[in-house]
Amino acid sequence: METQTPETPSQQPQPQTIIVNPVVKQANGIGTAGFVIALLTLFLGWIPGLGWILWLLGLIFSAIGVTRKPRGLAVAGLIISLIGIICLLVVFSAVMSFFAVMS
């Protein structure tokens, strides 16, 4: 007669441990805000007072966002802010030269 010996703990199948590394998408909210405000500056920059405020906010938020990852929208916002200030200075100088000629 064949006798069965009980399985020892080392012979029993061990449960497998599955390690899951969740993929966390990084977001740069302040860089995105700087990008959006910089875009608004291009469209609303001609409004006196509002253009300068939007430009300053877009520049500050984009500059802070460049220090964080991901940097894409923050860099784009910084470039657009710099283009926006050039446009604001051109418009400001054109208005000032118009009033200088008129007086």
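Treat the numbers as computed from the prediction; the structure is a model and nothing was measured.

## Examining the packing of helix α1 (residues 29-44) against helix α2 (residues 50-66)
Between two packed helices, what matters for the description is the angle formed by their axes and the separation of those axes.
Argument step 1. Contact geometry of α1 with α2 gives a least axis separation of 7 Å together with a crossing angle of 155 degrees. As the angle between them shows, α1 and α2 are arranged roughly antiparallel. Handedness of the crossing formed by α1 with α2: left-handed. Of the residues in α2, those touching α1 at Ile30, Gly31, Ala33, Gly34, Phe35, Ile37, Ala38, Leu40, Thr41 and Leu44 are Leu50, Gly51, Leu54, Trp55, Leu57, Gly58, Phe61, Ser62, Ile64 and Gly65.
Argument step 2. Each residue belonging to the contact of α1 with α2 can be placed in one class, and the counts come to 13 nonpolar, seven polar and no charged.

## Side note on a nonpolar patch on the surface
Argument step 1. Among the surface-exposed residues, Val36, Leu39, Leu40, Leu42, Phe43, Leu44, Trp46, Leu50, Val75, Ile79 and Ile83 lie close enough to one another that they form a single nonpolar patch of about 990 Å² accessible area.
Argument step 2. Those elements that place two or more of their residues in the nonpolar patch are α1 and α3 (72-102).
Argument step 3. The element best represented in the nonpolar patch is α1, accounting for six residues.
Argument step 4. Along the chain, Val36 turns up in helix α1.
Argument step 5. Judged by its relative accessible area of 43%, Val36 falls in the partly exposed class.

## Considering α2
Argument step 1. Between its first and last C-alpha atoms α2 spans 24 Å; for 17 residues at 1.5 Å apiece the expected length is 24 Å, and the two agree.
Argument step 2. Taken as a whole, α2 has its buried residues at Gly51, Leu54, Trp55, Gly58, Ser62 and Gly65. Buried residues of α2 fall within an arc of 105 degrees about the axis and therefore sit on the same side.
Argument step 3. Packed against the buried residues of α2 are α1 and α3.

## Regarding the side chain of Asn28
Argument step 1. With respect to the helices and strands, the residue Asn28 is situated in the segment before α1.
Argument step 2. We classify Asn28 as buried; its relative accessible area is 7%.
Argument step 3. Within the local environment of Asn28, its side chain forms a polar contact with the backbone oxygen of Gly65, the two atoms lying 2.8 Å apart.
Argument step 4. In contact with Asn28, other than residues within four places in its own chain, are Gly65, Arg68, Lys69, Pro70 and Ala74.

## Quick look at α1
Argument step 1. For α1, spanning 16 residues, the distance from its first C-alpha to its last is 22 Å, which sits close to the expected 22 Å at 1.5 Å a residue.
Argument step 2. Regarding α1, the residues found buried are Gly31, Gly34, Phe35, Ile37, Ala38 and Thr41.
Argument step 3. Of the surrounding secondary structure, the elements contacted by the buried residues of α1 are α2 and α3.

## Focus: unusual backbone geometry
Argument step 1. A cis amide bond, omega -10 degrees, links Lys69 with the succeeding residue Pro70.
Argument step 2. Note that Pro70 resides in the loop between α2 and α3.

Conventions adopted
- Residues numbered from 1 in each chain as written.
- Predicted model: local features only at pLDDT ≥ 70, side-chain atom pairs only at ≥ 80, totals over all residues.
- Heavy atoms only, no water.
- Axes fitted to C-alpha atoms, helices over the stretch in contact; angles between N-to-C directions.
- Helix = DSSP H or I, 4+ residues; strand = E, 2+ residues; numbered from the N terminus.
- Parallel < 35°, antiparallel > 145°, perpendicular 65-115°, else oblique.
- Left-handed = near helix turned anticlockwise from the far one by under 90°.
- Contact = heavy atoms within 4.5 Å.
- Nonpolar A, V, L, I, M, F, W, Y, C, P; charged D, E, K, R; others polar.
- Patch = residues over 30% accessible without salt bridge, like charges linked within 9 Å, V, L, I, M, F, W, Y side chains within 5 Å.
- Areas by Shrake-Rupley, 256 points an atom, 1.4 Å probe, with all protein chains shown as cover.
- Salt bridge = Lys/Arg side-chain N within 4 Å of Asp/Glu carboxyl O.
- Buried < 20%, exposed > 50% of the residue type's maximum accessible area, 1.4 Å probe, protein only.
- Expected span 1.5 Å × (residues − 1).
- Arc of directions from axis to C-beta.
- Polar contact = N/O pair within 3.5 Å; in protein donor to acceptor, adjacent residues only side chain to side chain.

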